[in-house]
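Structure at a glance
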Amino acid sequence: MKHLPRHAWLRGATALVTLLAVTLTAAPAHAAESLREQQWFWEPMKLDQAHRISQGAGVVVGLLDTGLDRTNIDLKGATLPGQDVVADKAPGNFDEVHHGTAMAGIIAGRGHGAGGLDGVVGIAPEAKVMLLQPIDDPMYTGQAIRWATAHGAKIINMSFRISPSESLHAAIRDARAAGVLLVASAGNGEYGNAIAYPAAYPEVLAVASLGRDNKVLGNSTYGPQVDLSAPGDEIPGPTPGNKYALETGTSSASAIVSGAAALIWSQYPDLTVDEVEARLLGTVTDRGAKGRDDHYGLGQLNLMAALTGAQPPVTAEPVKPSASAQQSAFAAPTPLKPVDQGLPGWLFLVAIAVVLLIIVALIVSVVLIARRRRRPA
């Protein structure tokens, strides 16, 4: 597999993050009370109450992002190795852009200190996050989605914008058909209200971002692709070096929805992906124009209703695998050719024994001939 230079894809990832207008406002480490107060969304989402019901145990969230610093104090025990599909190995503890580390903390941060009261505690603090890279190439992104699906991810969070492609869409369709919930940031409109992929694919939940007043942020991309909305204004997240940043935009809103899905799936492990999606979308709080609209989608995430309410009916059509996946799944396997094993082991030993006997016989013959020549006439 051809390797891309590390800095080449990092520059691409940086550009993508800039496109999404993620605000990485450097913030020093705060006292527990101060940092927890900055997690303003806890009260309206009733996270303390939700955590008494579920904390996401047993659920793996695939995180397609810029990198991940697994040594971060708030992520101890929260991460799995994941995969860099270009290098064909697990990624290192490297996150130059800081974005992936922050998203991991928003989804599954553990906090630190006595009782985990310091630092950032995520939406699903007992879930596991699995990093997949890179995110600047549609083909490799599709491969990362397939790898995450094959290695146990139930949810895949995609807080980035990328060019659409047939191979990427096929990977997304196949992941959803395999029972994976895909969540993506709807995009931020610094470059106009352009449709953002992968969020615009119908198999993906596209998330808009809300402020503290429950209104959609001014730069949150809108359109028929938006499915729901969630808090996205100055959301604290951990960054490399055990520091913190305030994340503003649809990236953090997407991470919050991915964490919410982990809480639901942990509480109801037998649900199908369509039923988990129905809990997220069928329990929202209506905002904006009555019913669905292009800014809020169906409405604002209502975590407690999604966790405790009756199961909403599934209205979405089941996603079918891509044509390539169907072909590979149902094609007859290629017959394996018998492998030439060479001579049987026992025959090889017999051959060695024969050779040794011949050598011994030759030595004995030489000795006997030499003795006969030494005898007097």
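Going by the annotation in an unreviewed UniProt entry, the name recorded for the protein chain is Type VII secretion-associated serine protease, with Winogradskya humida given as the source organism. The record held by UniProt for the protein chain lists under Sequence similarities (unreviewed entry) the comment "Belongs to the peptidase S8 family."

1. Focus: the UniProt feature "active site" (unreviewed entry) in the protein chain
UniProt feature "active site" (unreviewed entry): in the numbering of this structure it lies at Asp65, His99 and Ser251. What stands out for the annotated residues spanning 187 residues is how close their C-alpha atoms remain, the widest pair being 10.4 Å apart. There is a polar contact of 2.6 Å between the side chain of Asp65 and the side chain of His99. Mapped onto the elements of the fold, Ser251 is located in helix α8 (residues 250-267). When its relative accessible area of 1% is taken as the criterion, Ser251 is described as buried. A polar atom in the side chain of Ser251 sits 3.1 Å from the side chain of His99.

2. Comments concerning the environment of Pro164
On the secondary structure map, Pro164 appears in the loop between β7 (155-158) and α7 (166-177). The spacing of Pro164 and Ala200 is 36 residues in sequence and 9.2 Å in space, taken between C-alpha atoms.

3. Here we look at the packing of helix α6 (residues 138-150) against α7
Contact pair α6 / α7: the axes reach a minimum separation of 8 Å and the direction vectors enclose 15°. Taken as axis vectors, α6 and α7 run roughly parallel relative to one another. At the point where α6 passes α7, the crossing takes the left-handed sense. Contact with α6, carried on its side by Pro138, Met139, Thr141, Gly142, Ile145, Arg146 and Thr149, involves Ser167, Leu168, Ala170, Ala171, Ile172, Asp174 and Ala175 of α7 and no other residues of that element. Partitioning the contact of α6 with α7 into residue classes produces eight nonpolar, four polar and two charged.

Conventions we followed
- Residues numbered from 1 in each chain as written.
- Predicted model: local features only at pLDDT ≥ 70, side-chain atom pairs only at ≥ 80, totals over all residues.
- Heavy atoms only, no water.
- UniProt positions renumbered as here; feature names shortened; annotations may be inferred.
- Polar contact = N/O pair within 3.5 Å; in protein donor to acceptor, adjacent residues only side chain to side chain.
- Helix = DSSP H or I, 4+ residues; strand = E, 2+ residues; numbered from the N terminus.
- Buried < 20%, exposed > 50% of the residue type's maximum accessible area, 1.4 Å probe, protein only.
- Axes fitted to C-alpha atoms, helices over the stretch in contact; angles between N-to-C directions.
- Parallel < 35°, antiparallel > 145°, perpendicular 65-115°, else oblique.
- Left-handed = near helix turned anticlockwise from the far one by under 90°.
- Contact = heavy atoms within 4.5 Å.
- Nonpolar A, V, L, I, M, F, W, Y, C, P; charged D, E, K, R; others polar.

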